[in-house]
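Below are the chains, spelled out letter by letter.
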Amino acid sequence: MPVSLDNLENAIRTSIPVAHLEIIDTSNGCGENYAIIVVSEAFEGKNTLARHRYINDLLKDEIAQMHAFSQKTFTPKQYDAFLAKQA
Amino acid sequence: MASMLRSAFRSSSALRLQASSVVTMSPTLALARRFISEQTRSAIQKAVDSSPVVVFMKGTPDVPQCGFSRAVIQILDLHNVPPEKLAAFNVLEDSELRNGIKEFSDWPTIPQVYVKGEFVGGCDIVLGMHQSGELETLLQNSDVISKPPTSDADSDASSTSTPASS
């Protein structure tokens, strides 16, 4: 069963304060491949593994239905630095 | 509404890592997922301990069957991880491993990378650590790859003068 973008967004937004969220459907529409970028102050003081585990757990049911799932997690400060580097 | 938002905010600021979401799965599936057999668990543990670097992947290092698995192997290659220190397990050849490893590591996706028995992460994390330099440090500190000589007159002089017995 395809996973909807709204499901993912809701699950994330109702659980942590989100400064920025990008959900990219990388599946060409079949709803089984997603890449997400989450920027949240809740990640402060947590290493990447802990952040990813948190998101994995949050989206456990959705990820189980997907073929591929990729994530990037930033604190607001890290995201600013990331954007500055990209520019 | 306002109180709902507030409580969501409060619980999140602690970033509780324990599951707060309710799992809605069929009971049998939930049970199957929660308890991999002791036999499977110890087989996976043995695999994890079989080499300094262990990758659970789709396909083999020579013929990866998935872009994420390929990326992880390429990154390890870039760091010159010697073949004798790398063990790769093809989950596509073993459905018990394919399902068991997810629970073993508490990680939902393949590939999965272990260094010295410690779970490092999947493709996103390994790629991120590669870009930040953390992966190199980890591999060096785990004696998977050698540290670059810091300077000529360093403490290494004594150890390099001792020929390695062969």
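Nothing here was measured: the structure is a model prediction, and the numbers come from that model.

Student: What exactly am I supposed to notice about the overall build of chain B here?
Tutor: From N to C terminus, chain B includes 8 helices and 4 strands. Scanning chain B from its N terminus toward the C terminus, one meets helices and strands in the order α-α-α-β-α-β-α-β-β-α-α-α. The proportion of buried residues among the 166 residues of chain B is 34%. Considering only intrachain contacts with a sequence separation of at least 6, the fraction spanning at least 24 residues in chain B is 63%. Here chain B displays about 10400 Å² of accessible surface, and carbon together with sulfur accounts for 53% of that area.

Student: Sorry if this is basic, but what is going on with the pairing of strand E4 (residues 118-121) of chain B here?
Tutor: A regular strand carries its side chains on alternate faces of the sheet. Residue and element names in this part refer to chain B. Looking at chain direction, strand E3 (residues 112-115) and E4 are connected through 3 bridges and run antiparallel. Within E4, the residue paired with Tyr114 across the bridge is Phe119. With antiparallel pairing between neighbouring strands as the criterion, E3 and E4 make up a hairpin whose turn holds 2 residues, including Lys116 at a positive phi of roughly 50°.

Student: Looking at this model, I keep getting lost on the sheet that holds strand E2 (residues 33-39) of chain A. Mind explaining?
Tutor: Remark on secondary structure: sheet strands pair via backbone hydrogen bonds, oriented parallel or antiparallel. Residue and element names in this part refer to chain A. Read from one edge to the other, the open sheet built from 3 strands follows the order E1-E2-E3, with strand pairing classed as mixed. Strands with a single pairing partner mark the edges of an open sheet, and in this sheet they are strand E1 (20-25) and strand E3 (68-74). The sheet shows a mean angle of 10° between the axes of neighbouring strands, taken without regard to direction. The pairing of E1 with E2 spans 6 bridges and is antiparallel. Opposite Leu21, over in E2, you have Val38 as the bridge partner. Each of E2 and E3 is contacted by helix H2 (residues 48-58), which is oriented at about 130° to E3, the strand it contacts most.

Student: It is not clear to me how the nonpolar core should be interpreted in this structure. Could you clarify?
Tutor: Generally speaking, soluble globular proteins have nonpolar side chains that are buried together. Judged by nonpolar contacts, the single largest core of 34 residues is most densely connected at Val53, Phe56, Ile101, Tyr114 and Leu139 of chain B. Contributing elements (two or more residues each) for this core: helix H3 (38-48), strand E1 (53-57), helix H4 (67-78), helix H5 (95-105), E3, E4, helix H6 (123-132) and helix H7 (134-141) of chain B. When residues in this core are grouped by element, the largest group, 5 residues, is from E1 of chain B. Judged by nonpolar contacts, the second largest core, of 19 residues, contains Leu8, Ile23, Leu58 and Leu59 of chain A.

Student: I would appreciate a short explanation of the sheet that holds E1 of chain B in the present structure.
Tutor: All names here are of chain B. With respect to topology, 4 strands assemble into an open sheet ordered E2-E1-E3-E4, the strand pairing being mixed. Of all the strands in the sheet, the pair left with one neighbour each is strand E2 (86-90) and E4. For this sheet, the mean angle separating the axes of adjacent strands, direction not counted, is 25°. Here 4 bridges tie E1 to E3, and the two strands are oriented antiparallel to one another. The partner of Val54 across the bridge, within E3, is Tyr114.

How each quantity is defined
- The written sequence of each chain sets the order in which its residues are numbered from 1.
- By the order in which they are written, chains take letters starting at A while ligands take numbers starting at 1.
- In keeping with the model being predicted, local features are shown solely for residues with a pLDDT of at least 70 and side-chain atom pairs are shown and tallied solely at 80 or more, while totals for entire chains, interfaces and linings include all residues.
- Only hydrogens and water are set aside when side-chain values are computed; all heavy atoms of the structure are taken into account.
- Secondary structure follows DSSP: runs of H or I at least 4 residues long count as helices, runs of E at least 2 residues long count as strands, and numbering of each begins at the N terminus.
- Here the term buried applies to any residue with accessible area under 20% of the maximum for its type, exposed to any over 50%, and partly exposed to those in between, with areas from a 1.4 Å probe on protein chains only.
- Any two residues having at least one pair of non-hydrogen atoms within 4.5 Å are treated as being in contact.
- Methods summary: accessible areas were calculated by the Shrake-Rupley approach with a probe of 1.4 Å, and residue burial reflects only the protein chains presented.
- When DSSP finds two or more bridges between two strands, those strands count as paired.
- An axis is simply a line fitted to the C-alpha atoms; with a helix, the fit covers only the stretch in contact. Between two such axes, the angle follows the N-to-C directions and lies from 0 to 180 degrees.
- Within this scheme, the nonpolar core is defined by two criteria: the residues are buried Ala, Val, Leu, Ile, Met, Phe, Trp, Tyr or Cys, and they are joined through side-chain atoms within 4.5 Å.

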